[in-house]
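Each chain is listed here by its residues.
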Amino acid sequence: QVNLVEYGGGLVQAGGSLRLSCAASGRAFWLYTMGWFRQAPGKEREFAAFISWSGDSTRYADSVKGRFTISRDNAKSTVYLQMNSLKPEDTAVYYCAARNRGAGIATMAYEYGYWGQGTQVTVSA
């Protein structure tokens with residue numbers, strides 16, 4: 001069992017940056033691979049970024065590649081999402097998610113067993 005709490009959302013102008021944090025508590029954080037997802041109003045939840053338990057492997061959605069960076073600090077039980085060059089279409093509730101360590105890269109929501117409550121990111125034009 002792991003509990004996840006996201007921080008760092010807010011309102012930013014287009015072209016700006018935000019860093020989201022997701023703090024985990026409970027079972028050893030290094031046991032989990034982590035992902036960030038987002039959900040805009042009226043849309044399905046979509047994958048944004050993935051990071052392996054060691055941080056050696058990452059994967060990004062095409063829509064955020066080159067602008068977002070996922071990282072983790074296992075000593076602090078925290079995963080981050082650095083978001084640069086933000087666009088109005090990045091506006092969404094952002095969720096972090098944890099998956100018990102398994103083989104391969106996970107980009108589907110159903111692969112994750114634990115979710116945070118979400119944090120709102122709003123990008124104004």
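Just so we're clear, the structure is a prediction, and the values are computed from it rather than from any experiment.

**Q** Describe the state of the cysteines, listing the residues and the values that go with them.
**A** Tallied over the full model, the rule gives one disulfide. One disulfide in the model links Cys22 with Cys96; its S-S distance is 1.9 Å. The chirality of the disulfide connecting Cys22 with Cys96 is right-handed, given an S-S dihedral of about 45°. With Cys22 in strand β3 (residues 18–26) and Cys96 in strand β9 (residues 92–100), the pair connects residues that are 74 residues apart, well separated along the chain. The exposure classification of Cys22 matches that of Cys96, with both residues buried.

**Q** Describe the nonpolar core, naming the residues involved and giving the relevant values.
**A** Soluble globular proteins: nonpolar side chains tend toward being buried together. Membership of the largest hydrophobic core comes to 35 residues, with the highest contact counts inside it found for Met34, Trp36, Leu81, Met83 and Tyr94. Listed by contribution, the elements that provide at least two residues to this core are β1 (2–7), β3, β4 (32–39), β5 (46–51), β7 (68–73), β8 (78–83), β9 and β11 (119–124).

**Q** Can you tell me about the sheet that holds β1, naming the residues and giving the values?
**A** Across the sheet, which stays open at both edges, the four strands sit in the order β1-β3-β8-β7 with antiparallel pairing between neighbours. Looking at strand neighbours, the two that pair on one side only are β1 and β7, the edges of this open sheet. In this sheet, adjacent strand axes meet at a mean angle of 15° when their direction is disregarded. One ladder, built from six bridges, connects β1 with β3; its direction is antiparallel.

**Q** Would you mind going over the side chain of Arg72 in detail, with residue names and values included?
**A** Tracing the backbone shows Arg72 in strand β7. In terms of polar contacts, Arg72 uses its side chain to reach the backbone carbonyl oxygen of Phe29, at 3.2 Å. A distance of 3.4 Å separates the side chain of Arg72 from the backbone oxygen of Trp53, its partner in a polar contact. Not counting chain neighbours up to four residues away, the residues in contact with Arg72 comprise Phe29, Trp30, Tyr32, Thr33, Met34, Ile51, Ser52, Trp53, Gly55, Thr78, Val79 and Tyr80.

**Q** Explain the packing of aromatic side chains to me, and be specific about the residues and the numbers.
**A** With the rule as written, the count across this model stands at six aromatic pairs. Between Tyr95 and Trp115, the aromatic rings sit 6.5 Å apart at their centres with planes inclined by 80°, giving edge-to-face as the arrangement. Of this pair, Tyr95 sits in strand β9 while Trp115 sits in strand β10 (residues 114–115), placing them 20 residues apart in sequence. Here Tyr95 falls in the buried class, since its relative accessible area comes to 13%. Since its relative accessible area comes to 27%, Trp115 is described here as partly exposed. Each residue in the set Phe37, Phe47, Tyr95, Tyr112 and Trp115 is aromatic and connected to the rest through ring pairs, giving one cluster. Its guanidinium or amino end placed over the ring of Tyr95, Arg45 lies 3.8 Å from that ring's centre, counting from NZ or CZ.

About the cut-offs
- Residues numbered from 1 in each chain as written.
- Predicted model: local features only at pLDDT ≥ 70, side-chain atom pairs only at ≥ 80, totals over all residues.
- Heavy atoms only, no water.
- Disulfide = S-S within 2.5 Å.
- Helix = DSSP H or I, 4+ residues; strand = E, 2+ residues; numbered from the N terminus.
- Buried < 20%, exposed > 50% of the residue type's maximum accessible area, 1.4 Å probe, protein only.
- Core = buried A, V, L, I, M, F, W, Y, C linked by side-chain atoms within 4.5 Å.
- Pairing = 2+ DSSP bridges.
- Axes fitted to C-alpha atoms, helices over the stretch in contact; angles between N-to-C directions.
- Polar contact = N/O pair within 3.5 Å; in protein donor to acceptor, adjacent residues only side chain to side chain.
- Contact = heavy atoms within 4.5 Å.
- Phe/Tyr/Trp six-rings, centres within 6.5 Å; stacked < 30°, edge-to-face > 60°.
- Lys NZ or Arg CZ within 6 Å of the ring centre and 35° of its normal.

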